[in-house]
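So the chains spell out like this:
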Amino acid sequence: MQSKGQAGLELRERTREGTENGSDTPLLHSTSVFQSYDYVLVGKLFDDKESEAFKKQENFLAELKKKNFKIKTIVDDDNVFHGFRAPKKIFDKYRYLLKVSDACNWSCEQKDTAPLSTRIRIVHFVLNNTCISSGENLRDLLTKKVFETSFCLHEKKQQKLLRKRWARWTACFQGQPIDDVRKYFGEKVALYYLWLGWYTYLLIPPAILGLIVFLYGLAFFNTSPLIKEVCEADTIMCPLCDKICKVWNLSDTCMYAKVNLLFDNEGTVAFAMFMAVWATVFLEFWKRHRATYVCRWKIYDWCEDEEELILDIVNDPDCEPKVYSHSYLHSTLVLILVTLMLVLIIGLTHALVVFRVVATVLFSEGKWEFLTEHANMAAVMMGAVLHYLTITIMTRVNRKVALKLCDIEKTRSLAATERSFTVKMFTFQFFTLFSSLIYVAFFLGRMNGHPGGYVRIAGKWRLEECHPSGCLTDLFIQMAVILVLKQSINNVFEFAVPWFFSWMKKKSNNLQRKCGYCYRKNCKGTEDGSELCDNCKLQNWTRNYNLREVDAFSLFNEFLEMVIQFSFTTIFVAAFPLAPLLALLNNIFEIRLDAIKMVSLERRMVPKKSNDIGVWTKVLEMIGVLAVIANGLVIGVSSDFIPRLVYRYRYGPCAKDPETTLPCMTGYINNTLSTVQVTDKRVSKDFVPAQLVIPSGHNVTQCSYKDYRSMEDYGFTAQFWLILAVRFAFVILFEHVVVICKFIAAWFVPDCPLKVKNDRLHDKLTRLKEELREKSNRFDRSTDV
């Protein structure tokens, strides 16, 4: 058995020989003598040369040398760093195949020299598709710990420039250098920041309008007749739970009624319609914005599948195309498993409902006076917090399940796998986040029954009831807790975790002691990764190695977070008009947080080419449709907008006497309440005598509850059926009007600006003329011969 020192010495000797004999052809993009390394692979230093892991390492490196890769190996304690430099021939092939391809033939790399981001992408593809004699590729070797990790290198000068112009907190209110981001991180990352910046910019109008709607409700905070009626009422309300809860006075919920009016007023309807149309306008303007940039980047017609074919040929000229395949058996199995997963998620929502019901009873029985008096509110808040914890746990579960389902599907390519995973993961996350909100919005207080006919869970616990002022406040509390907690905690962890990770690795690293000071002239002022001395190379590679690892899902996580936020901003916005304002404030810092994280705290993400945000566009369009449906139902079904409207024009004082001096909504609260005689045999079993004692010590003979029922048979009154008919009519009218507005907006704002169309025609004409000129020159030369 060799010592690690002997193994390292032999490895250094072998490295020196490999460097001298390897292919050291100049790279395509640079004119300098010394060239940078494209990629770094890190493995453990094995003492035993006969070990299987060591042989696989050597086998993989030998396969790359067959492809004329130059490999620089440097030993650092227990790790071995392998730097890879690809030969010029690979990039020449890539350029030629771009030129003759159908969709990628007017790419920026065809005429100009390939930038480092393109080189990294090609080398990354070659490394991940190089197989050893056992048939294992780099992913398999990383999984089996033959190699520890792989990464591409940050460029010091470009990194410093991005920090100065973009990745710093003081630049929060400045524009983004999207072209610089694209050159450094590739088009896919650049399009994410382009979309996020555009989304943040267009959040300004709804944020302002939502604030106005909130202030409108605040203006009538103390003067509304509805609030006055609640605060001055002497109405005795029926107990909200069995045995423990007592009758209570409606005036006790004065503050609750005031809060409810902030988010349930006439301005809410107009704001909900505005947000539904805004979602469409945002998407249409985004398509135009995207088209301008991808046309300028010469990738408007670029095709992901064709790019993958080109890279396959560059890696292996004898490769076979990956065939498209489909299995009805696998698709059926995936569909069944997705359904079961959604059933599980919805089941967790039911568990949260049970928790709220049981928690209300337990809080009412508790010794703390404050919790006893505010048991319902405490249960709502606890339910929201528990919902957030459920979301955090289920996010990890959803990711693992979605990956397993993608494995079952056996998709053709990495791009197809990414699309499939995105749809599944978003679907799971959407139900995880919104199933509880759907219950609060559309079922809370509508299926709990009435005195003499209460609906109970397991025949024991009564379901929750709405407050007499409406159920919208419960929905607001759920959205506010989840949105604020999710954004604030996620941002803290997003920044703190990679920072702490990098700090810990730097603290434990003793490289500075080994490297010391370098006095070589070639090492001073050169580009990051250039032909430096071994110590300076190792210092640079280790600095990148100490950063937090990134993977294929790093950008997906950012997109998922923002699209979920977009869902909160548009769906159920009628219950929370301040959601766009919170999203705007969050995104101003989110852009810089993500930029600082990518530039300074994480390893460089492998640059990828793309001309769109992919399947996320379809997801956003679906959210826009759901926003119309959900907001129409929230206003028509959940809020008290329709009952108030019916009361004003059918049952209120203004409807009965147009010349009255009373406010038109006078008596509305009493009109929404039904009364029951507690001595009635049909309801006496629902209450115990101790529940019917008021604070003064007197026993009540009747109590009220929120519903439209008669005292005689507890059947629905005519007013209930009228309100129900108007609710359905409003929902249908609202959704048709908004959908028509969405279609008009989509027609009025074309996807592609005319300037982009003209520029593309000009580019195609220029390319065709060049092709014809080259063809003519070749024909003339052949004729002369």
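Rules used in this analysis
- Residues numbered from 1 in each chain as written.
- Predicted model: local features only at pLDDT ≥ 70, side-chain atom pairs only at ≥ 80, totals over all residues.
- Heavy atoms only, no water.
- Helix = DSSP H or I, 4+ residues; strand = E, 2+ residues; numbered from the N terminus.
- Buried < 20%, exposed > 50% of the residue type's maximum accessible area, 1.4 Å probe, protein only.
- Contact = heavy atoms within 4.5 Å.
- Areas by Shrake-Rupley, 256 points an atom, 1.4 Å probe, with all protein chains shown as cover.
- UniProt positions renumbered as here; feature names shortened; annotations may be inferred.
- Core = buried A, V, L, I, M, F, W, Y, C linked by side-chain atoms within 4.5 Å.
- Patch = residues over 30% accessible without salt bridge, like charges linked within 9 Å, V, L, I, M, F, W, Y side chains within 5 Å.
- Salt bridge = Lys/Arg side-chain N within 4 Å of Asp/Glu carboxyl O.
- Pairing = 2+ DSSP bridges.
- Axes fitted to C-alpha atoms, helices over the stretch in contact; angles between N-to-C directions.
- Phe/Tyr/Trp six-rings, centres within 6.5 Å; stacked < 30°, edge-to-face > 60°.
- pLDDT = per-residue confidence, 0-100.
- Expected span 1.5 Å × (residues − 1).

K.L.:
What's the story with the overall build of the chain in this structure? I'm lost.
P.N.:
Of the regular secondary structure elements, the chain holds 30 helices and 10 strands. Relative to its full complement of 785 residues, the chain shows a buried share of 51%. Summarising the internal contacts of the chain: among those between residues at least 6 apart in sequence, 80% fall at separations of at least 24. Total accessible area computed for the chain in this model is approximately 37400 Å², and 62% of it derives from carbon and sulfur atoms.

K.L.:
Would you mind going over the UniProt feature "transmembrane region" (unreviewed entry) in the chain with me for this structure?
P.N.:
UniProt marks residues 192-216, 268-286, 332-355, 375-394, 426-445, 563-589, 613-637 and 720-749 with the feature "transmembrane region" (unreviewed entry), using the numbering shown here. Between the end C-alpha atoms of residues 613-637 there is a gap of 35 Å, over a span that is 88% helix and 0% strand. The annotated region residues 720-749 carries 97% helix and 0% strand content, and the separation between its end C-alpha atoms amounts to 43 Å.

K.L.:
Help me out: how do you make sense of unusual backbone geometry in this one?
P.N.:
Residues apart from glycine generally show negative phi values, whereas peptide bonds are mostly found in trans. Phi is positive for Asn68, close to 65°, though the residue is something other than glycine. Tracing the backbone through its elements, the reader meets Asn68 in the loop between helix 2 (52-66) and strand 2 (70-76). According to the relative accessible area criterion, Asn68 is partly exposed, its value standing at 31%.

K.L.:
Just to check I follow, could you spell out the nonpolar core for this structure?
P.N.:
Here is a general trend for soluble globular proteins: nonpolar side chains tend to be buried in one another's company. Core analysis: the biggest nonpolar cluster contains 123 residues, and Trp166, Phe185, Trp195, Leu475 and Phe572 have the highest contact counts within it. With residues near it in sequence (within four places) discarded, Phe572 still touches Phe434, Leu437, Ile438, Ala441, Phe442, Leu475, Met479, Ala630, Asn631 and Val634. The next biggest cluster of nonpolar side chains, apart from the first, holds 31 residues, and it includes Phe60, Phe84, Leu141 and Val314.

K.L.:
What exactly am I supposed to notice about helix 12 (residues 254-263) here?
P.N.:
Turn by turn, an α-helix covers 3.6 residues, leaving residues three or four places apart pointing in a common direction. Burial analysis of helix 12 places eight of its 10 residues in the buried class, the great majority of the element. Among the residues of helix 12, those classed as buried are Cys254, Tyr256, Ala257, Lys258, Asn260, Leu261, Leu262 and Phe263.

K.L.:
Even after reading the chapter, I still don't get a nonpolar patch on the surface, so can you show me in this structure?
P.N.:
A cluster of nonpolar side chains, contributed by Tyr201, Ile204, Ile208 and Ile212, occupies part of the molecular surface with about 390 Å² of accessible area. With three residues, the top contributor of residues to the nonpolar patch is helix 10 (residues 204-219). Mapped onto the fold, Ile204 is located in helix 10.

K.L.:
Please clarify how the environment of Met622 should be interpreted in this entry.
P.N.:
Tracing the backbone through its elements, the reader meets Met622 in helix 24 (residues 616-638). Met622 gets classed as partly exposed once you look at its relative accessible area, which sits at 39%. Along the chain, Met622 and Ser567 lie 55 residues apart, while their C-alpha atoms are 9.9 Å from each other.

K.L.:
What is the right way to look at the sheet that holds strand 1 (residues 39-44) in this model?
P.N.:
Sheet strands associate in pairs through backbone hydrogen bonding, adopting either a parallel or an antiparallel arrangement. The antiparallel open sheet is built from four strands, whose spatial order is 2-3-1-4. Edge positions in the open sheet fall to strand 2 and strand 4 (147-151), since each of these has one partner strand only. Put simply, the sheet's adjacent strands are angled 20° from each other on average, direction ignored. Here seven bridges tie strand 2 to strand 3 (residues 79-85), and the two strands are oriented antiparallel to one another. Note on strand 3: the bridge partner recorded for Val75 is Val80.

K.L.:
Hey, could you run me through the packing of aromatic side chains in this one?
P.N.:
Inspection of the entire model under this criterion finds 36 aromatic pairs. Judged by centre distance (5.3 Å) and plane angle (65°), the rings of Phe476 and Phe576 are edge-to-face. Placement of Phe476 in helix 19 (residues 472-508) and of Phe576 in the loop between helix 22 (554-570) and helix 23 (579-601) is noted, with a sequence separation of 100 residues between them. Note on Phe576: relative accessible area 3%, which makes it buried. For the ring pair Phe641 and Phe730, a centre distance of 5.8 Å and an interplane angle of 55° mean the geometry is tilted. A residue pair is termed long-range when its members are at least 10 positions apart, and Phe641 in helix 25 (residues 641-651) and Phe730 in helix 29 (residues 718-748) qualify at 89 residues. Here Phe641 falls in the buried class, since its relative accessible area comes to 16%. In this structure Phe730 comes out as buried when scored by relative accessible area, which is 15%.

K.L.:
Mind showing me how you'd approach the environment of Ala351 here?
P.N.:
Structurally, Ala351 is set in helix 15 (residues 328-365). According to the relative accessible area criterion, Ala351 is partly exposed, its value standing at 42%.

K.L.:
Quick question: what am I supposed to make of the confidence of the model for the chain here?
P.N.:
Detailed reading of the predicted coordinates is not advisable wherever pLDDT falls low. When pLDDT is averaged across the chain, the result is 81; 87% of the residues are at 70 or more. No element of the chain has a lower mean pLDDT than helix 1 (residues 4-21), which averages 43, and none a higher one than helix 9 (residues 187-202), which averages 94. A low-confidence stretch, residues 1-34 (pLDDT under 50), is modelled with 54 contacts involving residues beyond four sequence positions or located in other chains.

K.L.:
I keep staring at the pattern of salt bridges and nothing clicks. Help me out?
P.N.:
Note on pairing: side chains with opposite charge can pair once their charged atoms come close. Per the stated rule, a full pass over the model turns up 30 salt bridges. When the shortest N-O distance is used, the salt bridge between Asp38 and Arg119 registers 2.4 Å. Within this pair, whereas Asp38 is found in the loop between helix 1 and strand 1, its partner Arg119 is found in helix 5 (residues 116-128), the two being separated by 81 residues in sequence. Given the relative accessible area of 0%, Arg119 is considered buried. For Arg709, the salt bridge identified is with Asp707, shortest N-O distance 2.9 Å.

K.L.:
For this particular structure, what's the right way to read the environment of Lys755?
P.N.:
Within the secondary structure layout, Lys755 lies in helix 30 (residues 754-784). Distance in space between the C-alpha atoms of Lys755 and Ala291 is 10.0 Å, their sequence separation being 464 residues.

K.L.:
Mind showing me how you'd approach helix 18 (residues 414-442) here?
P.N.:
For helix 18, built from 29 residues, the straight-helix expectation of 42 Å at 1.5 Å per residue is met to within 8% by its first-to-last C-alpha distance of 40 Å. Counting buried positions along helix 18 gives 21 out of 29 residues, so the element sits mostly inside the fold.

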